[in-house]
Amino acid sequence: MGSRFWRYVASLIGITVCSIVAVQLAVHAQARGGAQTTPAPAAPAAAPAYRAPRTPDNHPNLNGIWQSMNEANWNIEAHSADTWRVSALGAVDATPPGAGIVTDGPIPYLPAAAAKRKENFTNRLKLDPEIRCYLPGTPRAMYQNMPFQIIQGTDFIAMSFQFAGALRTIYMKPTPGPADSWMGWSNGKWDGETLVIDTKDFNGMAWFDRAGNFASDKLHVVERITATDADHLNYEATIEDPSTFSRPWHIQFPLYRRKEPNARLLEFKCVEFSEELIYGALRKGATN
Amino acid sequence: MNRRCLASLSIAAFAIVITVALVIPQTLVGQAGTAAVKAAQEKAAASATKPWTGKTPEGVPDLQGYWTNNSYTPLQRPANLGDKAFYTPDELVEANKRRAEQEAARADNNAPGTTNDVHYDFTQFALDRSQTRLTMDPRTGMITDPANGQLPAPATADAGAAGPRGGGRGAGPAAGGGGRGAGGGGRGAGAAAAPGGGARGAAAAAPGGGARGGGGGANYNSVNDISIGSRCIWTNTAGPIMMPPGYNPAYQIIQGQGVVMILIENQHEVRVIPTDNRPHAPSAVKAYLGDSTGHWDGNTLVVETTNYNPRVLTGTFAGTSPDLKVIEKFTRLTADQIKYEFIVNDPTKWSAPWKGDMPFVKIEGPIFEHACHEGNFGIYNTLSAMRLEEKRAAEAAAAKQGK
């Protein structure tokens, strides 16, 4: 136990120190790089015209149930309408057209990554984690066409997603990520009207959309969420992953408050809906 | 490779992602043993007994933090204890020691070359619940009403027949407990009967489900023959009632304005409970976790849950009707403890409502992501091994016929 234990402690300390340094470096790099590398996406630095109602601890109140209203989950880039994935579903499964949420596209894939993205698209029925009811990852969870709820505490902000019952826990006191995960490890801070969330420690298995856009476990997402009026949030994120993309890039879209009386998240435990797809060939008497 | 082993494999999927966070802080304390640690412990002990007055910025009681209900305490008082409702401190230590030894005995079975060797090692990480913080609940059973510590009489003879209690799958202490039942089969009446503890029972009742025995003889014709828990669909101990699971007994509460969120680590079950006492969702909207609505009653969060998905109404809840309602009350007594009370009522099933309670105590975070389904190789291994077994049997039969 002894030496193994101390090795563990040493690695914990190492991880902690590295993470703190990395977060600081990333924040600095981002502050400098945002202006240098690309045209500013939708003027994130502009002073917001709207001052959100405050929580009792004096932060913008983002509590509520929110949902995107766009076609990004089909393809985050601008795209025309396209035919079905599953012919039996006809028009229901056709891709609706979308103007995209990438503000400085096309997505700057490195050559190998571009090839993989193509392969993902070709095999999307087999590979898309959403079809298999895997956790959607970040940022995909934010624009899947299902509601999510922000539960805003002081030290923690939770985001509870209807799809697959996914959860993001935002640590408002910086905490190093202990392990890779689907949803990533999120540290947050307030920048005036804006909630800024720095997320990494991904496992690299989540996709951005149904079109096979993806990133690796080096993905680093910095999100900025700002209320623009009582019922809308502006969502923007900087996406970087040096092993997949040649430069950081950005997405932006509005989030809409669910206004139904007594709006609530309902339960969408999709595992059992994916089982025939995943395990059907192992059914007794299966012919394939 | 027998079928019990296959069951174990599928359960093993749970072990892939496991909280070490629960173990490490205690290990650190155990290793350090300095005066500073002792002083911190004494300070913690002092604050642990001071009545809790903490409020959130919103002004309601602050329940936030990481918690566990890790315990060996069964739902019903063991029959041999008669009217003894509490253990003395010494008796509790002795009882926990005995129950820890029972778990360790299973771990001893994991010798190389044995069937259990393909299972995980119960002494690792937090799988053996004696390795994580126990609530040290002195109750001999959770039920406080009826006073005899037992579930009330059934409302009718039929209702009684619908919900048998005792050994077998219905009495498994947890999703993990189901696996243990399959491995050892010996969890008797002393095991905590988790509400919905028979997720395995639900699987057996699912379409296409073959006859499912208590610990072997399963057919595994399809994924439907595997328990809901092992399939990572739902953790039966998530309830509500939230029962102590066999492992991963960690919870985090986060409060926003007008809402309390409870993360149940096992299978990342998330309960988002509004505290405006709103009406329930329409009764047609069923959910594994039910539909919960809450309000504050002084220092107590009161939560009412109904609309349970019928598939989870197994084990203790077998034979309940759509009228089943569970009231939970969360009262933070000290910095270190939440008193968790529950009242279960279904006039179709029981002749009277019944009540119980258990403590939740503080633990260190953080909680890791429990991506259960995503790493569930156990299902694939179970089904593919069964198909291989059938293929070999068919080949052997054909060869015999050919002779």
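In this section: unusual backbone geometry. Backbone torsion omega between G105(A) and P106(A) reads 0 degrees, so that peptide bond is classified as cis. Mapping P106(A) onto the fold places it in the loop between β1 (64–68) and α2 (111–122). Residue D145(B) is joined to P146(B) through a cis peptide bond whose omega torsion reads 10 degrees. A positive phi angle, near 60 degrees, is found at C133(A), a position not held by glycine. Owing to a relative accessible area of 3%, C133(A) belongs among the buried residues under this scheme. The backbone of H268(B) shows a phi angle near 40 degrees, a positive value even though the residue is not glycine. You can see H268(B) is positioned in the loop between β4 (259–264) and β5 (269–274).

Turning our attention to the state of the cysteines. Evaluated as defined, the whole model comprises two disulfides over all chains. Here C133(A) is linked by a disulfide to C270(A), with a sulfur-sulfur distance of 2.0 Å. The disulfide joining C133(A) to C270(A) has a torsion of about 80 degrees about its S-S bond and is therefore right-handed. A residue pair is termed long-range when its members are at least 10 positions apart, and C133(A) in the loop between α3 (124–127) and α4 (140–143) and C270(A) in the loop between β9 (249–257) and α5 (271–279) qualify at 137 residues. Of the two residues, C133(A) and C270(A), neither departs from the other in class, the shared state being buried. Shown here is the disulfide that connects C232(B) with C372(B), its sulfur atoms set 2.0 Å apart.

This next bit is on the nonpolar core. Among the nonpolar cores identified, the biggest contains 57 residues, and I76(A), M159(A), F208(A), I225(A), I239(A), W249(A) and I251(A) are the most heavily contacted of them. Setting aside anything within four residues of it in sequence, one finds W249(A) in contact with I76(A), V102(A), D104(A), I107(A), P108(A), F208(A), A237(A), T238(A) and I239(A).

Another aspect to go through is the pairing of strand β7 (residues 220–229) of chain A. Residues and elements named next belong to chain A. Taken across its ten residues, β7 has seven buried, putting it largely inside the fold. Alignment of strand β6 (residues 194–200) against β7, held across six bridges, turns out to be antiparallel. Residue pairing across strands places V196 opposite R224, the latter belonging to β7. Summarising the sheet, β7 and strand β8 (residues 232–240) pair through nine bridges and their orientation is antiparallel. In the strand pairing of β8, A227 is matched with L233. Between β7 and β8, which pair antiparallel and follow one another directly, the connecting turn spans two residues.

For the rest of this paragraph, the subject is the pattern of salt bridges. Residue and element names in this part refer to chain A. This structure, assessed with the given rule, holds 25 salt bridges over all chains. When the shortest N-O distance is used, the salt bridge between R168 and E223 registers 2.6 Å. Of this pair, R168 sits in strand β4 (residues 167–171) while E223 is found in strand β7, placing the two residues 55 residues apart along the sequence. Across this residue pair, the class does not change: R168 and E223 are buried. A salt bridge links K218 to D217; the shortest N-O distance between them is 3.3 Å. The class for D217 is partly exposed, based on a relative accessible area of 35%. It is possible to trace a salt-bridge network through shared partners that takes in D128, E130, R140 and R210.

Turning to the packing of aromatic side chains, a few remarks are in order. Here the distance between the centres and the angle between the planes together describe a pair of aromatic rings. All names here are of chain B. Counted under the stated rule, the structure contains 22 aromatic pairs over all chains. Measuring from ring centre to ring centre gives 5.3 Å for Y340 and F360, while their planes differ by 75 degrees; the resulting arrangement is edge-to-face. Of the two residues, Y340 is situated in strand β9 (residues 337–345) and F360 in strand β10 (residues 354–362); the sequence distance between them amounts to 20 residues. Taking relative accessible area as the criterion, Y340 reaches 0% and is therefore assigned buried. Members of the aromatic cluster, each reached through a chain of ring pairs, are Y251, Y308, F317, F330, Y340, F342, W350, W354 and F360. In this arrangement the basic side chain of R332 is found over the ring face of W52, its NZ or CZ atom lying 3.6 Å from the centre.

Bringing the sheet that holds β9(A) into the picture now. Taking strand neighbours around the barrel as the criterion, the nine strands line up as β1-β2-β3-β4-β5-β6-β7-β8-β9 (chain A) in a closed arrangement whose pairing is mixed. The sheet shows a mean angle of 30 degrees between the axes of neighbouring strands, taken without regard to direction.

All names here are of chain B. Mapped onto the elements, D62 comes out in the loop between α3 (35–49) and β1 (65–68). Buried and unpaired, D62 has no salt bridge, with R332 as the nearest side chain of opposite charge at 4.4 Å. There is a polar contact of 2.9 Å between the side chain of D62 and the backbone nitrogen of Q64. Excluding residues within four positions of it along the chain, D62 makes contact with W52, G54, K55, T56, Q255 and R332.

With that settled, the discussion passes to the interface of chain B and chain A. With 53 residues of chain B at the interface, the matching set in chain A holds 49 residues. Between chain B and chain A, roughly 4200 Å² of surface is buried when both sides are summed, and carbon and sulfur atoms account for 62% of that area. In terms of surface lost to chain A, no three residues of chain B exceed E369(B), H373(B) and E374(B), which account for 15% of the buried area on that side. Applying the counting rule to chain B against chain A returns four salt bridges. E269(B) is paired through a salt bridge with K269(A); the nearest N and O atoms lie 2.5 Å apart. Where chain B meets chain A, there are 19 residue pairs in polar contact (both at pLDDT 80 or more). Elements with a minimum of two residues in the side of chain B that touches chain A: α2 (24–32), β3 (251–256), β4, β5 and α8 (377–402) of chain B. Grouping the constituent residues of the side of chain B that touches chain A by class yields 28 nonpolar, 15 polar and ten charged.

The rules behind these values
Residues numbered from 1 in each chain as written. Chains lettered and ligands numbered in written order. Predicted model: local features only at pLDDT ≥ 70, side-chain atom pairs only at ≥ 80, totals over all residues. Heavy atoms only, no water. Helix = DSSP H or I, 4+ residues; strand = E, 2+ residues; numbered from the N terminus. Buried < 20%, exposed > 50% of the residue type's maximum accessible area, 1.4 Å probe, protein only. Disulfide = S-S within 2.5 Å. Core = buried A, V, L, I, M, F, W, Y, C linked by side-chain atoms within 4.5 Å. Contact = heavy atoms within 4.5 Å. Pairing = 2+ DSSP bridges. Salt bridge = Lys/Arg side-chain N within 4 Å of Asp/Glu carboxyl O. Phe/Tyr/Trp six-rings, centres within 6.5 Å; stacked < 30°, edge-to-face > 60°. Lys NZ or Arg CZ within 6 Å of the ring centre and 35° of its normal. Axes fitted to C-alpha atoms, helices over the stretch in contact; angles between N-to-C directions. Lys, Arg positive; Asp, Glu negative; His and termini not counted. Polar contact = N/O pair within 3.5 Å; in protein donor to acceptor, adjacent residues only side chain to side chain. Buried area = accessible area lost by both parts, 1.4 Å probe. Nonpolar A, V, L, I, M, F, W, Y, C, P; charged D, E, K, R; others polar.

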